[in-house]
Amino acid sequence: MRFVVPLAIFIVLVVVLSLGLKLDPRYVPSPLIDKPAPEFALTRLADPAAPIARADLLGRPLLLNVWASWCSACRVEHPLLVDLAQREGVEIIGLNYKDTRPEAAAWLKAHGDPYRDSIFDPKGKLGLDLGVYGVPETFVLDAQGVIRYKQVGPMTPEIWRDEIKPLLAELQPAAP
Amino acid sequence: MIPEIGLFLCLLALALASVQVLFPTIGLLRGEAAWLAMARPAARAQFGCLLAAFATLVHAFLVNDFSLVYVAQNSNTALPWPFRVSAVWGAHEGSLLLWVLILAGWTYAVTLRDRALPSDIAAVVTAVLGLVSICFLLFMLFTSNPFARGMPAPPDGADLNPLLQDFGLIVHPPMLYMGYVGFAVPFAFAIAALVRGRLTPGWARWARPWALTAWLFLTIGIALGSWWAYYELGWGGWWFWDPVENASFMPWLLGTALIHSLAVTDKRGAFKSWTVLLAIGAFSLSLLGTFLVRSGVLTSVHAFATDPARGVFILGILGLCVGGSLTLYAWRGPSVLAGGSYAPVSRETFLLANSLLLAVATATILLGTVYPLVLDAFGLGKISVGPPYFNLVFGLLMIPLALALGWGQFARWKEESLGRLWLQLRFAAGAALMVGLCIAFAVDGPARATTAVGLALATWIVASTLTGLWARCAGRASPLTALISQPRSFVGQAIAHCGFALTIAGVCLTVALSVDRHERMAPGDSRQLGEYEFRFESLNEYAGPNYQADEARFTIYRNGKLVTELNPQKRFYKVRGMPMTEAGIDPGFTRDLYVSLGEPLEGKTWSVRLHYKAYVRWVWLGAILMATGGLLAATDRRYRQTVSAPAAAGLQAQEP
Amino acid sequence: MRKLLLVALLLLAAGMVSAADTPFEFKDPKVERRYQKLANELRCLVCQNQSLADSHADLAQDLRDEVYRMLNDGQTDEEIVGFLVERYGDFVLYRPPVAGITYALWFGPALLLAGAGLAWWRIGRAKAPAPPTDPAEAAAIAALTGRRNEPS
């Protein structure tokens, strides 16, 4: 009887390992899903005198996209974001992470600005409160400011089509 | 042209390995000895082919043949030639070629010594080794071909990872592979016993030196890895419980259990099922390690270019070799592996405790390493398991092991009395207790308890070893002659156990007494660490063969006298665009002085790490002693006599 | 494969930022010890094989700054750890929490040890040798070996 035990343990191990092959060990899931977005008090990228806070994110579902001018991967997803903002009318708020105003503005001028507004977070404080660990990242917030989804890494058409678009549709308040 | 020859030789090796598997199998099934005789030349020819193939790859690196994708990805014209050679095994494809070459080498060695075995057992051993070889050759040829050409050839290569441009790469992987792969021999031997349905009397006697040799190489390999990480990575750590480190440590633990269990099976015919299981287990963990490193399932600093597709292939190899062998064990074990008797208190019971404790330690490390994966695979969240867990759990398990060691190495075979043990070892126990109490008073801080217990146990082991030596040599007509004429295996055992004690002591002391400071320094500054004063004298630029560096000059004083001058560097490797820190270290028997540059801050100020690493060299010295002990034990005269099977049976009856 | 590419890009993005390794000043050695312990037991999310103390990643410096700030603010170790877990999850802890899903991890070794101990005990009992059946045979063996039951 005891001679079968090692084989049994090994079979369990192989099952775990084969499941593991499909996973990404570096991906860190967010503990903030279904929790309210953190409170913050920062300024807008375009205007240092114009404040922006959590209240400005309420009232409708939107995407919060973390980006920076020094981030090369952001350039990969940026055309898609511009397209989503223009063609599909998706509301995207940018979170300009650990950047400088001149460089960020220049980058938007060069690559297009899909953001209704960008939050200027030079020290990364809001990023820290959101659990940002790599740029770009995109959050889906519902009308009450609760985080419903987090995309780590550049957004792709597949992820938009399969995950985010249906989610946004679900979160839209019913048409009057 | 030459790399194509290399590829062809690998294909030829694959064909020869197939012969090595098929012919003995047919011979055994048909009962015809002529078929069996083909195994040996096939195995030897396979080694020759792989050696030549390996040489062609080395040649490609030396002549900078960037039309080979592997060379282009891992070399560069500015790379110094010793690193170009070691770059052969610096990444996945080439290291796989090294793996199969070393396996062929071990098989070759087996063919030199297997006339001592019954011919059917020898045939199965060679066939099993051939089967493993086929698996890895197929893996290499189908998914990881080092000879693949890339057109057009780039003018220059992508350079070897700067962290690998070091002496460590020249020695660490070959030693490690010698150990990993070496456990295939006892594995094959275990399979042979199960397949042929019997454990011959000479089985353990024959297997012991092979297991010991593989074990000693793995010991050296792991120690080299630890030492390399220490001076290379720049923050003075020498063990991280990184998944790949664990992947090498687990076969070592089971390998240690194996060499001890083999002693029992050799001497007393007991523990047969345990020994066979350990032989299967040690190599299985080697294969598991190969999977963990190359499949991308776990993050690790050591992981090769990871690819889940390759992972599937290796999982298949794992399933075949390990699953097959464990199935065989489950099916044949009960009938083949019974026997042996010994009293409740005897050397055997202590060795059984040793096996069980090492197995529990191995299982624990496996648990900690794959637990995050298990939770993630079942959608239960993502956690990390790191040094705090492993240090605690492994440390606690070492306590009963060290205790058992002291008693076990002194106990008699078959029957022993606790009273006699206590009588003989009371001085050793007393010495251990005293050391423990002294340390408890001398050391202050959170590490007090661990250090006291650790050093007490180390003393216990050494004192017990000395008591054993004393018992054998004192009271003889000439104690000195008696000492010199002790059998090698006994001397080896004593040295290895003292090495283990030294490592335990080193680990505890370095954790308790080391001082690390993270400072902001500019040229002209100095800091005090205990009785040492570290002075940052100057900062210069330095150009290496393929890097640009900022080099600092530090002088270290003790009580006003100059101790040493260190030159830590912060290098920037141009081709890969990677920074790297090169620490300045003053090694010593009781302490290392360690300086490494962090990042430049404002102006000429740098963040600098200064370390006083107490007794850190003891950790690796202990490992060297363990390997030395293993070497002595493996070369004991008893194993070098080539005996035929019937003679082996008679021999076992005569040995004490 | 796509995921791999994304992760690779993410890493590339992270690597674009300059490295950071700023030392801190501590007035109280006890606080310094607490800092060392915390920084060594927290995991860097960018260079995931290094602790927070050792990593030169920008994010690691940000988190170290945060830990330093919170320590000087008088927060407890639990509060600091809780702050980070709230934002990054249990992944950031090298010492996994003792909760429902990790009971097997923390108590497993003890159970294995107990099981091994039990096995050791039972095997020891079961393996007691039978007395020699033939005293003449036993004497012959003793004469042949010349010695009786010496170690090694």
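What counts and how
- Residues numbered from 1 in each chain as written.
- Chains lettered and ligands numbered in written order.
- Predicted model: local features only at pLDDT ≥ 70, side-chain atom pairs only at ≥ 80, totals over all residues.
- Helix = DSSP H or I, 4+ residues; strand = E, 2+ residues; numbered from the N terminus.
- Buried ≥ 20, exposed ≤ 12 C-beta atoms within 10 Å, placed from the backbone.
- Contact = placed C-beta atoms within 7 Å.
- Rg over C-alpha atoms; globule rule 2.2 N^0.38 Å.
- Core = buried A, V, L, I, M, F, W, Y, C linked by C-beta atoms within 7 Å.
- Nonpolar A, V, L, I, M, F, W, Y, C, P; charged D, E, K, R; others polar.
- Domains from an automatic or database assignment.
- Pairing = 2+ DSSP bridges.
- Axes fitted to C-alpha atoms, helices over the stretch in contact; angles between N-to-C directions.
- Expected span 1.5 Å × (residues − 1).
- Arc of directions from axis to C-beta.
- Parallel < 35°, antiparallel > 145°, perpendicular 65-115°, else oblique.
- Left-handed = near helix turned anticlockwise from the far one by under 90°.

Attention shifts here to the overall build of chain C. Check the secondary structure of chain C and you find six helices and zero strands. When the helices and strands of chain C are placed in sequence order, the string is α-α-α-α-α-α. By the burial criterion, 30% of the 152 residues in chain C qualify as buried. Across chain C, contacts joining residues at least 24 apart in sequence account for 45% of those joining residues at least 6 apart.

Further remarks concern the overall build of chain B. If you tally the helices and strands in chain B, you get 22 helices and 10 strands. For 656 residues, the compact-globule estimate of 2.2 N^0.38 gives 26 Å, and chain B sits close to it at 26 Å. Considering only C-alpha atoms, chain B reaches an extent of 80 × 75 × 55 Å along its principal axes. Burial status across chain B gives 56% buried among its 656 residues. Across chain B, contacts joining residues at least 24 apart in sequence account for 74% of those joining residues at least 6 apart.

In this structure, B:Val100, B:Leu103 and B:Ala184 are the most contacted members of the largest nonpolar core, which totals 296 residues. When neighbours within four sequence positions are excluded, B:Val100 is seen to be in contact with B:Leu50, B:Ser133, B:Phe136, B:Leu137 and B:Met140.

Opposite the 42 residues of chain C that make contact, chain B presents 54 residues. Among the secondary structure elements, those contributing two or more residues to the side of chain C that touches chain B are helix 5 (103-126) and helix 6 (135-145) of chain C. The element best represented in the side of chain C that touches chain B is helix 5 of chain C, accounting for 11 residues. Classifying every residue of the side of chain C that touches chain B by side-chain character gives 21 nonpolar, 11 polar and 10 charged.

Below, the discussion takes up the interface of chain A and chain B. Taken together, the contact between chain A and chain B spans 17 residues of the former and 26 residues of the latter. Broken down by class, the residue content of the side of chain A that touches chain B amounts to 14 nonpolar, two polar and one charged.

Now for the domain arrangement of chain B. Residues and elements named next belong to chain B. Here chain B is partitioned into domain 1 (1-160), domain 2 (166-333 + 347-384), domain 3 (389-513) and domain 4 (515-615). One C-alpha centre belongs to domain 2, the other to domain 4, and the line joining them spans 38 Å. Residue-level contacts link four residues of domain 2 with nine residues of domain 4. Split into classes, the residues belonging to the side of domain 2 that touches domain 4 amount to two nonpolar, two polar and no charged.

All names here are of chain A. Read from one edge of the open sheet, seven strands run 2-1-5-4-3-6-7, paired in mixed fashion. If you trace the sheet from one side to the other, it starts and ends with strand 2 (51-53) and strand 7 (147-152), each paired once. If you compare each strand with its neighbour and ignore which way they point, the axes differ by 30° on average. Packing of helix 5 (residues 157-171) onto the sheet brings it into contact with strand 6 (137-141) and strand 7, and relative to strand 7 it is tilted by some 165°.

Below, the discussion takes up helix 1 (residues 5-20) of chain A. Across its 16 residues, helix 1 of chain A extends 23 Å between first and last C-alpha, which sits within 8% of the 22 Å expected from 1.5 Å per residue. Buried within helix 1 of chain A we find A:Pro6, A:Phe10, A:Leu17 and A:Gly20. Buried residues of helix 1 of chain A, seen end-on, are gathered within an arc of 75° and therefore sit on one face of the element. Seen from the buried face of helix 1 of chain A, the exposed residues on the opposite side, beyond 90 degrees, are A:Ala8, A:Val12 and A:Val15. Contacts from the buried residues of helix 1 of chain A go to helix 12 (272-295), helix 13 (308-336) and helix 14 (347-377) of chain B.

With that settled, consider the pairing of strand 7 (residues 578-582) of chain B. All names here are of chain B. Here five bridges tie strand 6 (residues 569-573) to strand 7, and the two strands are oriented antiparallel to one another. Its bridge partner being in strand 7, Arg-571 is matched across the sheet by Met-580. Hairpin connection, strand 6 to strand 7: the antiparallel pair is bridged by four residues, and Gly-577 has positive phi, about 65°.

It is worth spelling out the sheet that holds strand 9 (residues 591-600) of chain B at this point. All names here are of chain B. What the four strands build is an open sheet, ordered 1-10-9-8; its pairing is antiparallel. Where the open sheet ends on each side, the last strands, each with one partner, are strand 1 (515-521) and strand 8 (584-586). The mean inter-strand angle of the sheet, taken between neighbouring strand axes irrespective of direction, is 15°. Where strand 8 and strand 9 come together, three bridges link them in antiparallel fashion. If you follow Asp-586 over to strand 9, its bridge partner there is Leu-593.

Now for the pairing of strand 4 (residues 547-558) of chain B. Residue and element names in this part refer to chain B. As judged from the 11 bridges shared by strand 3 (residues 532-543) and strand 4, these two strands associate in the antiparallel manner. Residue pairing in the sheet places Ala-543 in a bridge with Gln-548 of strand 4. Joining the antiparallel neighbours strand 3 and strand 4 is a turn of three residues. The sheet contact formed by strand 4 and strand 6 spans five bridges and is antiparallel. Each bridged residue has a counterpart across the sheet, and for Ala-549 the counterpart in strand 6 is Arg-571. Both strand 4 and strand 5 (residues 561-566) contribute to a ladder of five bridges, which runs antiparallel. Paired with Thr-555 across the strands is Glu-565, a residue of strand 5. Joining the antiparallel neighbours strand 4 and strand 5 is a turn of two residues, in which Asn-559 adopts a positive phi near 50°.

A cis amide bond links A:Val135 to the next residue, A:Pro136, at an omega of 0°. The linkage connecting B:Met151 with the following residue, B:Pro152, adopts the cis geometry, with an omega of -5°. As for its placement among the helices and strands, B:Pro152 is situated in the loop between helix 7 (119-143) and helix 8 (167-182). The backbone phi angle of B:Asp159 is positive, close to 70°, even though this residue is not glycine. Structurally, B:Asp159 can be placed in the loop between helix 7 and helix 8. Residue class for B:Asp159 comes out buried when judged on the 25 C-beta atoms lying within 10 Å of it. Located in the positive-phi region is B:Phe271, a residue other than glycine, with phi close to 60°. Here B:Phe271 lies in the loop between helix 11 (243-268) and helix 12.

A few words now on the packing of helix 8 of chain B against helix 10 (residues 203-232) of chain B. All names here are of chain B. Contact pair helix 8 / helix 10: the axes reach a minimum separation of 7 Å and the direction vectors enclose 150°. It follows from the interaxial angle that helix 8 and helix 10 lie roughly antiparallel. When you trace helix 8 past helix 10, the crossing you get is left-handed. In contact with Gly-168, Val-171, His-172, Met-175, Leu-176, Met-178, Gly-179, Tyr-180 and Gly-182 of helix 8, helix 10 contributes Thr-213, Ala-214, Trp-215, Phe-217, Leu-218, Ile-220, Gly-221, Leu-224, Gly-225, Trp-228 and Glu-232. A breakdown of the residues in the contact of helix 8 with helix 10 according to their chemical character gives 12 nonpolar, seven polar and one charged.

Here we come to the environment of B:Phe572. Residue and element names in this part refer to chain B. In this structure, Phe-572 sits in strand 6. Each C-alpha atom of the pair Phe-572 and Gly-323 lies 47 Å from the other, and the pair is 249 residues apart in sequence. Every residue in contact with Phe-572, bar those within four places of it in the chain, is listed here: Tyr-547, Gln-548 and Pro-579.

Residues and elements named next belong to chain B. At a minimum axis separation of 9 Å, helix 17 (residues 448-473) and helix 19 (residues 488-513) run at an interaxial angle of 165°. Comparing their axes, helix 19 and helix 17 come out roughly antiparallel. For the crossing formed where helix 17 meets helix 19, the hand is left-handed. Here Thr-450, Thr-451, Gly-454, Leu-455, Leu-457, Ala-458, Ile-461, Val-462, Thr-465, Gly-468 and Leu-469 of helix 17 lie close against helix 19, whose contacting residues are Ala-494, His-497, Cys-498, Phe-500, Ala-501, Ile-504, Ala-505, Val-507, Cys-508, Leu-509 and Ala-512. Of the residues assigned to the contact of helix 17 with helix 19, the class counts are 16 nonpolar, six polar and no charged.

With that out of the way, let us pick up the environment of B:Leu163. Residue and element names in this part refer to chain B. Considering the arrangement of structural elements, one finds Leu-163 in the loop between helix 7 and helix 8. Along the backbone, Leu-163 and Trp-35 are 128 residues apart, and their C-alpha atoms lie at a distance of 49 Å. In this view, Leu-163 contacts Glu-232 and Met-580; residues no more than four positions away in its chain are not counted.

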